[in-house]
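Fold and contact review
The chain contents come next:
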Amino acid sequence: MWMVKSHRIHQIQKTRVISLGRTGSRIPEQSVLANPSLMTPHLPPSPKPWNTTRILTASTSNKHVPVYLWILIGGYDSLTGYEKRHKPSPEHANALKGDEAFLSADEYLKPTLEDDPLLEVPSEDSSDEEEIEVWPQSPLDLAAAKRQIKRLKQQLQRTKQDMIEYRAFVSERLNFTSVAESLKEPVPSSSIHVAAPLRDDDSHYFQSYGENDIHAVMIQDKVRTATYAQFIMTTPELFRDAVVLDVGCGTGILSLFAARAGAKRVFAVDASDIAEKAMQIVKANDLENVITVIRGKIEEVTLPDDVTHVDVIVSEWMGYGLLYESMLDSVLHARDRFLNPDGGVLAPSQCKMMFGLCEAAEIFKERVGFWSDVYGFDLAAMAADVYNEAIVDVVDSMASEPVVVKDLYLKTIAPKQLDFSSSFTLVSTTERKTNIHAFVLYFDTFFTASGEPIPEDSQVHFVKEGDPILAEVWQVGGKPHISRRMSSGGPLKKPKPKTTSFSTGPLSVPTHWKQTLFLLRDPIIVHEGTIVQGTFICKKSDDNSRELDVEIHYTVKYEGEEPSEAIVQVFKVR
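Residues numbered from 1 in each chain as written. Predicted model: local features only at pLDDT ≥ 70, side-chain atom pairs only at ≥ 80, totals over all residues. Heavy atoms only, no water.

Before going further, it helps to spend a moment on the sheet that holds strand β11 (residues 345-347). Strand order in the open sheet formed by five strands is β9-β8-β7-β10-β11, and the pairing between neighbours is parallel. What marks the edges here is a single partner per strand, and that holds for β9 (291-295) and β11. Strand-to-strand twist in this sheet, taken as the mean axis angle between neighbours without regard to direction, amounts to 20 degrees. Strand direction decides the pairing type here: strand β7 (residues 243-247) and strand β8 (residues 265-270), joined by five bridges, are parallel. (Pairing = 2+ DSSP bridges. Helix = DSSP H or I, 4+ residues; strand = E, 2+ residues; numbered from the N terminus. Axes fitted to C-alpha atoms, helices over the stretch in contact; angles between N-to-C directions.)

Structure representation (structure tokens):
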């Protein structure tokens, strides 16, 4: 039943009535539907005036019927009592003209039932100002307009308060707090679909990886994709008959490599919409018996078929400057939950964050210098924020040898260690006086079949144009490269552990990660041998854990002089 009380609608029971008037007078809905005359703005005469308020829609059997609802300042109180006692038929109700004697009879003003819920007694705070006119007449003068505005403001305030009380009521009845807490708990499931609420930090992140373009960019990054392929497909001792977990699988390309390399089972996990495409890709390549795609966050999924540990975790988790996007946290979570503690391997196994000086003259001109003279106007204010945020771009040289500001060995590093502070000493290698406009940050990535740390003297591989890395992987027929046996011409030295690597630095073919640049407000003037010392501080942003806050403290020391005063600059990586 739908009832209008002080212009509010309440759902009471299954049957509905159309209630008229502040006191709850009503006409059965059946009468409305059976009598078209009640659906038109034609009402019988009444001892007291009628007042139009609004149109409602009555719904019966999925049919929506427009019903003109009328408010009677007086008169229908008696109709309520009459209808209660005599229960007139729809035909009788339709025949009412409004001049019937019972409408003025006091006997029908007394409720048949005490506390009849259909008869509303106005509360002390109710007033005629509660009435809302859908089509109010235009005010005749300023005073009338002001009164109308005042009434509307009061009604708005009451509506706002009603909403506050309604929300409190719903929250109390549904116990939203406990529901929200329960949603935070991991949802164990062996299904390929795992429903889980997204944190605010995660929403945009996972949504962005649901689009095709970003995956095209990554796969077309030859340095990235070919190095992963080379390691996976030329390390049969690691992947043959192995159980592999691909964290953040995207299109599933790394899972496909692992399956081709002989893996027994591959679990490909991704929380974004791209997981649906990955399922289609696995099926199109007839690898459903090897690769299982799991839609969900790695922190919340369980592996099917009672699998508790895997032999290899493979993931392309690196972001700008290595740690942007904080996906490494998820890989470390997977390591702690799923990696076999006896000989399990992470690929990659180690990464190094490299830091150095960079002239960056062209980037300075494009991002800063350009604004100082635009058609003869000074628009330099547009460049002010450039010094607060890191720039992702490509540079082709450095003005110092790079130094390691963070060495991440993935087998043992803890998530809390990803916020760090590291001292650095950079020595200029420029042969002439040069303006240094930026510090540059990039990373080197290493894979080992044993998962052990790389030897200290290991050198990263810089991929150059024409590098044969692709030819070593993509053999005719898709067969993996088979290494030649060494000739036996004398005593053999113990070979170094096999290491596969790539760099995202300026000396390598550019990757989709490019380099991360921190523009200096005041360029450093250096010549050969100038020393720049300081501290590099990196931590997750308080505003968004996927972003980074970076502080660089530094001094400049020229030969024969004392170091300059310390300079501090703060940057966002986002």
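Moving on: the packing of aromatic side chains. A complete count under the given rule lists 15 aromatic pairs for this structure. Relative to F239, the ring of F231 has its centre 6.1 Å away and its plane inclined at 80 degrees; by these criteria the two rings are edge-to-face. The burial state of F231 is the same as that of F239; both residues are buried. Between Y320 and Y324, the ring centres sit 5.7 Å apart and the planes meet at 15 degrees, which makes this aromatic pair stacked. Taken together, the ring pairs in this structure connect F355, F420, F424, F439, F518, F536, Y554 and F571 into an aromatic cluster. (Phe/Tyr/Trp six-rings, centres within 6.5 Å; stacked < 30°, edge-to-face > 60°. Buried < 20%, exposed > 50% of the residue type's maximum accessible area, 1.4 Å probe, protein only.)

Relative to the elements of secondary structure, S541 occurs in the loop between β19 (531-540) and β20 (548-557). Polar contacts involving the side chain of S541 include one to the side chain of K572, which spans 2.7 Å. (Polar contact = N/O pair within 3.5 Å; in protein donor to acceptor, adjacent residues only side chain to side chain.)

Here we take up helix α8 (residues 222-233). With twelve residues, α8 ought to run about 16 Å at 1.5 Å a step, and its terminal C-alpha atoms sit 16 Å apart, in line with that. Summarising burial for α8: eleven of the twelve residues are buried, a large majority. Those residues of α8 lying buried are V223, R224, T225, A226, T227, Y228, A229, Q230, F231, I232 and M233. Between the side-chain oxygen at the start of α8 and the backbone nitrogen of V223 there is a gap of 3.2 Å, and the oxygen is on D221. (Expected span 1.5 Å × (residues − 1).)

Attention shifts here to the pairing of β8. Within β8, six of the six residues are buried, leaving the element largely enclosed by the surrounding structure. The side-chain alternation of β8 yields two buried faces, one formed by R265, F267 and V269 and the other by V266, A268 and D270. The handedness of the β7 to β8 crossover, carried by helix α10 (residues 253-260), is right-handed. Pairing between β8 and β9: five bridges, direction parallel. Within the sheet, the bridge partner assigned to F267 lies in β9 and is T292. (Right-handed = clockwise from strand over helix to strand, strands pointing away.)

This next bit is on the pattern of salt bridges. A full pass over the atoms with the stated rule returns 13 salt bridges. In this structure, R265 engages D305 in a salt bridge whose closest nitrogen and oxygen atoms are separated by 3.1 Å. Of this pair, R265 sits in strand β8 while D305 sits in the loop between β9 and β10 (312-314), placing them 40 residues apart in sequence. Looking at D305, the relative accessible area reads 56%, which means it is exposed. For R295, the salt bridge goes to D273, with nearest N and O atoms at 2.7 Å. (Salt bridge = Lys/Arg side-chain N within 4 Å of Asp/Glu carboxyl O.)

Turning our eyes to something else, we now look at unusual backbone geometry. Both trends apply: most residues other than glycine have a negative phi, and most peptide bonds are in trans. A cis geometry characterises the amide bond from A347 onward to P348, with omega recorded as 0 degrees. Considering the arrangement of structural elements, one finds P348 in the loop between β11 and β12 (350-358). Unlike most non-glycine residues, D306 shows phi in positive territory, near 60 degrees. Examined against the element boundaries, D306 turns out to sit in the loop between β9 and β10. Despite not being glycine, S326 has its phi angle at roughly 55 degrees, a positive value. Within the secondary structure, S326 sits in the loop between β10 and α12 (328-338).

Within the secondary structure, T235 is located in the loop between α8 and α9 (236-239). For T235, the residues in contact, after removing those within four places along its chain, are A449 and K498. (Contact = heavy atoms within 4.5 Å.)

Fair warning: the whole summary comes from geometry, so function is off the table for now.
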